[in-house]
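Coordinates in review
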Amino acid sequence: MVMAAMAAAALFSFPGGQAVSSAPLLPAAPASSPRPRAGLWTLARAECRFNLRSELDRWPDCADPVQMGQTALSRPSPGRPGSALKFVYAEGDPGLLQVETGRGGAEAWSYYGFRPLASDADGGVIRARIWPVACPAKGCRLKTSKELLAAARASEARAFTEAAEDPGRTAVWVRRSQ
């Protein structure tokens, strides 16, 4: 399993580096906006085949589980919930996840693009494209939300090329937290 406790606080790696900031750059989305549904998600690639209903100890390494609450997420492993990290979802084009890294300092927050693909009857997002926001040409440390949005848009195009090292994933909601 990929870093069960999110030791480096990244959902997954990105060749060339990931955009970070020392302070949060995003406000939380309004309560009325579509939000990722709380529960267990998988970030598996399309070729990763497994039974979504099975317990985590039966998931293959390629399944990449993520436990998502309203304001925190973690990488659970069988029998362990994983270390929770704060996150904020900001709706937009694309939507963005601002995730606490656990490192503090100049790299306190990392960023992921989040483009909803499907919602449940209550409007909660249950399927989305997700990708790490790559470092823009001028460096990995971002200072404004405008820089972040430009980097997220540029990263999306590079994240879904279907190459072996392609960092884009489709996140799928699996079930409620247990």
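The residue count restarts for each chain, going from 1 along the sequence in the order it is written. Restriction of local features to residues with pLDDT of at least 70 applies here, the model being predicted, together with a cutoff of 80 or more for giving and counting side-chain atom pairs; totals for whole chains, interfaces and linings are based on all residues. Where side-chain values are given, they derive from all heavy atoms of the structure, hydrogens and water being excluded.

What follows concerns the packing of aromatic side chains. Two aromatic rings, drawn from Phe, Tyr or Trp (for Trp, its six-membered ring), form a pair once their centres lie within 6.5 Å of each other, and the interplanar angle then sorts them: stacked below 30 degrees, edge-to-face above 60, tilted otherwise. In the structure shown here, the tally under the stated rule is three aromatic pairs. Arranged with centres 6.3 Å apart and planes meeting at 65 degrees, the rings of Trp 41 and Phe 114 form a pair that is edge-to-face. Of this pair, Trp 41 sits in strand E2 (residues 39-42) while Phe 114 sits in strand E7 (residues 109-119), and the two are 73 residues apart along the sequence. This pair shows no difference in class: Trp 41 is buried, exactly as Phe 114 is. On the numbers, 5.4 Å between centres and 75 degrees between planes, the contact of Tyr 89 with Phe 114 is edge-to-face. Residue Tyr 89 is located in strand E5 (residues 85-90), and its partner Phe 114 is located in strand E7; the two are separated by 25 residues in the primary sequence. In this pair, the class of Tyr 89 matches that of Phe 114, namely buried. Through successive ring pairs, a cluster of aromatic residues spans Trp 41, Tyr 89 and Phe 114. Over a ring means this: the NZ of a Lys or the CZ of an Arg is within 6 Å of the ring centre and within 35 degrees of the ring normal. The lysine or arginine in question, Arg 37, covers the ring of Trp 173, its NZ or CZ lying 3.9 Å from the ring centre. Numbering of helices and strands runs from the N terminus; a helix is a DSSP stretch of H or I covering at least four residues, while a strand is a stretch of E covering at least two. Partly exposed residues are those whose accessible area sits between 20% and 50% of the maximum for their type, while under 20% is buried and over 50% is exposed, using a 1.4 Å probe and protein chains only.

As a further point, take the confidence of the model for the protein. The predictor attaches a confidence to each residue, called pLDDT, with possible values from 0 through 100. Residues at a pLDDT of 70 or more form 85% of the protein, whose mean pLDDT is 82. Considering each helix and strand of the protein separately, the mean pLDDT is smallest for strand E4 (residues 72-74), with a value of 85, and largest for E7, with 93. Any two residues having at least one pair of non-hydrogen atoms within 4.5 Å are treated as being in contact. Here residues 1-10 is a poorly scored stretch, pLDDT under 50, and it has 35 contacts once near neighbours within four places are set aside; other chains count.

Within strand E6 (residues 95-100), five of the six residues are buried, which leaves the element mostly enclosed by the surrounding structure. Taken together, the four bridges between E5 and E6 define a ladder with antiparallel strand orientation. Note on E6: the bridge partner recorded for Phe 87 is Val 99. In sequence, E5 turns back onto E6 through a hairpin of four residues. At least two DSSP bridges between two strands are required for those strands to pair.

The subject of this paragraph is the environment of Pro 136. Inspection of the secondary structure puts Pro 136 in the loop between strand E8 (125-132) and helix H1 (145-159). Not counting residues up to four positions away in its chain, the partners in contact with Pro 136 are Leu 142 and Ala 151.

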